[in-house]
Amino acid sequence: MLGPPILRAQTGQQIATDRPIKGVVWEIPDDYQEAAQDLLEMQLMGINAVRTGLLFDSGLLSMADSLGIIVFRELPFFGYGATGFADSLAVSDSLVTLLLETGRGHSSSGPIGLTRNSDTGSPKMCAAIRTLAQKIAASGGTSYYVSSFVESDVCFTEVDFVLLDALDNREPHLLLERWQKKHGTDVGLARVGTYVVPQSEAGVSIPGSPEYQARFLEDVFLNLKNTSNVGVFVHRWKDENRQRYQLADPYRRNYGLYNRAKDPRPSLYVTRGVYLGIQDAFAFEKGNPVERPLHWFTLVGWILLSMMSVIYAGSPRFRSIIPRYFFAHGFYRNSVREAREVLPLTSTAILTIMGLSIGLIAAHVITAMRETRLMLQLFAWMDAGARTSLTLVLDAPFILAILMGSIALMSMSLWMAIWIGASGRRTPLYPSQALMLAVWPRWQVLFILPVAMTFESVSNIPLWANAVMALTWILCAYWATIRTAFDLSKVARIAPGKAALIWMLNPLILGTIILGKWSLFHMDLVAYLWHLAVSP
């Protein structure tokens, strides 16, 4: 069914070439007895390889020797850019030396993983990988890395083989086909499987349930049934220890065949049946997913659009301003300067609608993108505390929408206050005028909101469609700041230089400047994020 890449032990002897690599991702327990018990149970259910972190315990290696389990030990370098990985070469070289010394004489001491999900799409990364791989090869060992890239991976020739990250991918065989077509070499799968949501309803039709996880894994094995020359590692043996700083999943989700209390999940029996070759079809409860008659996102969106319709129908002055704004903008601006058409109450209501609409659009974009490799990597780089807080917000989209809308309203209010304060006594800018000039340039939001509502209510919207909508929204936001700044500077007669400075104090523009400055000092990470964003 599944065959491994060529693996060599540290002694230089070829190992495990006559049997498929049937592995699991394993976090070594702190308790030695528990770790030994894990290895024994793995051997009984057909597992013959584990991917783990640094392991210097000769006792565990000796036990793995007796059980015929190959230990893939990996360096703790995750999500590195080319420059960062090169800068860590001294540390990684020392760790490789320790791994080679500890593994000497142990048949279970398998390949050494050099990095996980780093920028192997950059040629600059390859030199550092080559240095470590050559040192391992000189000692008779083999090396590999875990890659997020398929067609765009350029460092695969520097190591003995590559393992692709196929987590949450029901059809990993397609990744293997793409790799084979592009590079013509064999490749393994570093992680397969999906997560379980705590306290979810039971049934294979309910995403996040233990039964759904089991059926997902069954489908993965079925799709790989006719695939050869690939090692497979199920993610993972047991749910992560959440006290660790660097989590495999930044959203702290549960992927284990066992939960943290060591209670087995149905996916354990799927893995055992397939790995032992005694069963490849399984029956699970279907379950009945809860039907929601109307999603909150759609409901709130229609309320906001209805409020806008009421304003349009109930305010003749508002209707009369619309053609002037679009077709006689100078006349519109003069009427605001003379305070003839400011509509303070109407503008306040529209500002609130705009802010909440922005919150809805932002919440949709963020939740739609949260499973992308780009977002996962950004979350993985965050501080543990910030990551935990943001994850809690992401798990509550309604709260996220309110939060983003509140931030948009507060940011606009503060920026308007700066403009009012900067206006001179001879041509003072009143709040009602500033409000009028700030709200109207954001009319595009009212057309983007229905698109977001449609995307939210329809399943299987392609990622590129959400990306195009997000880009359109961002570009419109930039244009709105320019339009607003120009109108305010004309109405308040603020000098161009001063107006440009105030424009740069807009939170969107200021954030862009800060992000640009950070990017200049972290070009390797920016290049990595770009590779993640554009690579299929």
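What comes next is a walk through the structure. Since this is a predicted model, take the numbers as computed values, not measurements. Chains are numbered independently. Their residues run from 1 in the order of the written sequence. The model is predicted, so local features are restricted to residues of pLDDT at least 70 and side-chain atom pairs to those at 80 or more, both for listing and for counting; the totals for chains, interfaces and linings are taken over all residues. The basis for every side-chain value is the complete set of non-hydrogen atoms in the structure, without hydrogens or water.

**Examining the environment of Ser-92**
Move 1: Where helices and strands are cited, they refer to DSSP runs of H or I of at least four residues and of E of at least two residues respectively, numbered from the N terminus. The residue Ser-92 is located in helix H4 (residues 89-103) in this model.
Move 2: On the basis of relative accessibility, which here comes to 0%, the residue Ser-92 falls in the buried class.
Move 3: Here the alpha-carbon distance between Ser-92 and Leu-75, two residues 17 residues apart in the chain, equals 7.1 Å.
Move 4: Any two residues whose heavy atoms approach within 4.5 Å are treated as being in contact. With near-sequence residues (within four places) excluded, Ser-92 lies in contact with Leu-75, Phe-77 and Leu-132.
Move 5: Each polar contact in these results corresponds to two N or O atoms within 3.5 Å; when the atoms are within protein, one needs to be able to donate a hydrogen and the other to accept it, and residues that are neighboring in sequence are counted only if both atoms are side-chain atoms. Reaching out from Ser-92, the side chain makes a polar contact with the backbone oxygen of Leu-89 at a distance of 2.9 Å. When accessible area is computed with a 1.4 Å probe and restricted to protein chains, residues below 20% of their type maximum are described as buried, those above 50% as exposed, and intermediate ones as partly exposed.

**Structural notes on the state of the cysteines**
Move 1: Disulfides are defined as pairs of cysteine sulfur atoms found within 2.5 Å of each other. Per the stated rule, a full pass over the model turns up one disulfide.
Move 2: Two residues, Cys-126 and Cys-155, share a disulfide whose sulfurs are 2.2 Å apart. Residues Cys-126 and Cys-155 are joined through a disulfide that is left-handed, its torsion about the S-S bond being -85 degrees. With a gap of 29 residues between them, Cys-126 in helix H5 (residues 123-138) and Cys-155 in the loop between strand E7 (143-147) and strand E8 (161-165) connect regions that are remote in the sequence. Here Cys-126 and Cys-155 have matching classes, each one buried.

**Notes on the side chain of Ser-267**
Move 1: Position of Ser-267 among the secondary structure elements: in helix H8 (residues 266-276).
Move 2: When residues no more than four places from it in sequence are discounted, the contact partners of Ser-267 are Gln-213, Ala-214, Leu-217, Gly-256 and Leu-257.

**A few points about the sheet that holds strand E10 (residues 232-234)**
Sheets are built from strands paired through backbone hydrogen bonds, the pairs being either parallel or antiparallel.
Move 1: Read around the closed barrel, eight strands run E3-E4-E5-E6-E7-E8-E9-E10, paired in parallel fashion. The mean inter-strand angle of the sheet, taken between neighbouring strand axes irrespective of direction, is 25 degrees.
Move 2: Between any two strands, at least two bridges found by DSSP are needed for them to pair. Pairing of strand E9 (residues 188-192) with E10 involves two bridges; the strand directions are parallel. What sits directly across from Val-192, in E10, is Val-234. Where helices are involved, their axes are fitted lines through C-alpha atoms of the stretch in contact, as for all axes, and angles between N-to-C directions lie from 0 to 180°.

**Let's talk about the packing of helix H18 (residues 463-492) against helix H20 (residues 507-521)**
Move 1: Packing of H18 against H20 leaves a shortest axis separation of 10 Å and a crossing angle of 115 degrees. Where H18 abuts H20, its residues Ala-477, Tyr-478 and Thr-481 lie against Leu-508, Ile-509 and Thr-512.

**Quick notes on the pattern of salt bridges**
Move 1: Definition used for salt bridges: Asp or Glu carboxyl oxygen within 4 Å of a side-chain nitrogen of Lys or Arg. Counting across every chain of the model gives 18 salt bridges.
Move 2: Taking the shortest distance from any N to any O, the salt bridge between Arg-191 and Asp-165 comes out at 2.6 Å. Of this pair, Arg-191 sits in strand E9 while Asp-165 is found in strand E8, placing the two residues 26 residues apart along the sequence.
Move 3: Across the pair Asp-219 and Arg-170 runs a salt bridge whose closest N-O atoms are separated by 2.5 Å. Of this pair, Asp-219 sits in helix H7 (residues 210-223) while Arg-170 sits in the loop between E8 and helix H6 (172-183); the two residues are 49 residues apart in sequence, bridging distant segments of the chain.

**Comments concerning the packing of aromatic side chains**
Move 1: In summary, the pairing rule links any two rings of Phe, Tyr or Trp, Trp by its six-membered ring, whose centres are within 6.5 Å, and it sorts them by plane angle into stacked for under 30 degrees, edge-to-face for over 60 and tilted for everything else. A full pass over the atoms with the stated rule returns 26 aromatic pairs.
Move 2: Seen from their ring centres, Tyr-195 and Tyr-255 are 5.9 Å apart, and the 70 degrees between their planes marks the pair as edge-to-face. With Tyr-195 in the loop between E9 and H7 and Tyr-255 in the loop between E10 and H8, the pair connects residues that are 60 residues apart, well separated along the chain.
Move 3: Judged by its relative accessible area of 24%, Tyr-195 falls in the partly exposed class.
Move 4: For Tyr-255, a relative accessible area of 1% puts it in the buried group.
Move 5: Ring plane angle 45 degrees and centroid distance 5.6 Å describe the contact between Tyr-325 and Trp-440, whose orientation is recorded as tilted. Pair noted here: Tyr-325 is in helix H10 (residues 316-327) and Trp-440 is in the loop between helix H16 (431-439) and helix H17 (445-457), with a separation of 115 residues, a long-range link.

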